[in-house]
Amino acid sequence: MRYHDITKDDMLNGDGLRVVLWISGCTHACEQCQNPITWDINDGLVFDEKAKAELFEILGRDYISGITLSGGDPLHPQNREEVGKLIEEIKEKFPNKTIWCYTGFLYEEIEDLDFMPLIDVLVDGKFVIGLLDHQLHWRGSSNQRVIDVKETLALNKIVLHNS
């Protein structure tokens, strides 16, 4: 897995103060994407033990609410195995931190991933420039959903996160 950046103290990509891991690889190629530099699965830096240590050091800070996985698309098919392992490790080491994940895939396309129950909030759907709305919280276009994954799994129906 490769990544482009680790953003510290982010308030734009989920609730609270967060760390954001910008993962390489995206097949959606959304028109006017904010991060086309992250599309190439082979671009960026290798997510190695040093990068993980940096990420975990930030996550360990008391004032950090959790982590947001973005990109690119963290759920690019070639990233799923490593992202799943990373999510499992984060939940094990930081059980009180929330995990948010942005993906261009719809929840219904990825709901069976083994690690889905460990994600707290999933922002799903491709960015659609024709549905751009600057008033939306935590998403760029009105087709995207901010899903409370735990409630969705418990009730077996899509439950939106209170924003």
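Relative to the helices and strands, D148 is located in strand β7 (residues 145-148). The buried charged residue D148 lacks any salt bridge partner; its closest oppositely charged side chain belongs to K150, at an N-O distance of 7.5 Å. Engagement of the side chain of D148 in a polar contact is seen with the backbone nitrogen of K150, the distance being 3.3 Å. Those residues in contact with D148 that sit more than four places away from it in its chain are D120, V159, L160 and H161.

If you walk through the whole model with that rule in mind, you get 10 salt bridges. With its nearest N and O atoms 2.9 Å apart, the salt bridge here joins R61 to E57. Given the relative accessible area of 45%, E57 is considered partly exposed. K85 serves as the salt-bridge partner of E81, at 3.2 Å between the closest nitrogen and oxygen. In this pair, E81 and K85 both sit in helix α2 (residues 80-93), four residues apart, roughly one turn of the helix. Sharing partners across several salt bridges, the network here consists of E49, K52 and E89.

Moving on to the layout of surface pockets. By volume, the largest pocket is sized at about 710 Å³. In terms of lining residues, the largest pocket is bounded by 34 residues, among which Q34, Y102, F127, G140 and Q144 are the most central. In the lining of the largest pocket, the residues fall into 14 nonpolar, 15 polar and five charged.

Now for unusual backbone geometry. Phi angles above zero are rare outside glycine, and W138 is one such case at about 70°. Among the structural elements, W138 can be located in the loop between β6 (121-124) and β7. Looking at W138, the relative accessible area reads 12%, which means it is buried. For N156, which is not glycine, the phi torsion reads 60° and is therefore positive. Mapping N156 onto the fold places it in the segment after α4 (149-155).

Judged by pairing direction, the sheet is mixed, and its seven strands sit side by side in the order β3-β1-β2-β4-β5-β6-β7 without closing on themselves. Unpaired on one side and paired on the other, β3 (45-46) and β7 mark the two borders of the sheet. Taken together, the four bridges between β6 and β7 define a ladder with antiparallel strand orientation. Along β7, the bridge assignment pairs V121 with D148. Along the sheet face, helix α1 (residues 49-59) touches β1 (2-10), β2 (18-23) and β4 (66-71) and points at about 15° away from the line of β1.

Given two aromatic rings, their pairing is described by the distance between the two centres and the angle made by the two planes. All chains considered together, the criterion is met by three aromatic pairs. Summarising the aromatic geometry, the rings of Y3 and F47 are spaced 5.7 Å apart at their centres and angled 85° between planes, so their arrangement reads as edge-to-face. Here Y3 is found in strand β1, whereas its partner F47 is found in the loop between β3 and α1, with 44 residues between them in sequence. Taken as a pair, Y3 and F47 share a single burial class, namely buried. Centroid distance W100 to W138: 4.8 Å. Interplanar angle 75°. Geometry classified as edge-to-face.

Criteria and thresholds
Residues numbered from 1 in each chain as written. Predicted model: local features only at pLDDT ≥ 70, side-chain atom pairs only at ≥ 80, totals over all residues. Heavy atoms only, no water. Helix = DSSP H or I, 4+ residues; strand = E, 2+ residues; numbered from the N terminus. Buried < 20%, exposed > 50% of the residue type's maximum accessible area, 1.4 Å probe, protein only. Lys, Arg positive; Asp, Glu negative; His and termini not counted. Salt bridge = Lys/Arg side-chain N within 4 Å of Asp/Glu carboxyl O. Polar contact = N/O pair within 3.5 Å; in protein donor to acceptor, adjacent residues only side chain to side chain. Contact = heavy atoms within 4.5 Å. 1 Å grid on protein atoms, 1.4 Å probe; cavity = no way out; pocket = protein on both sides within 12 Å on 5 of 7 lines; lining within 4 Å. Points joined across faces, edges and corners; volume = space filled by probe spheres on them. Nonpolar A, V, L, I, M, F, W, Y, C, P; charged D, E, K, R; others polar. Pairing = 2+ DSSP bridges. Axes fitted to C-alpha atoms, helices over the stretch in contact; angles between N-to-C directions. Phe/Tyr/Trp six-rings, centres within 6.5 Å; stacked < 30°, edge-to-face > 60°.

As far as function goes, none of this settles anything; it's purely spatial.
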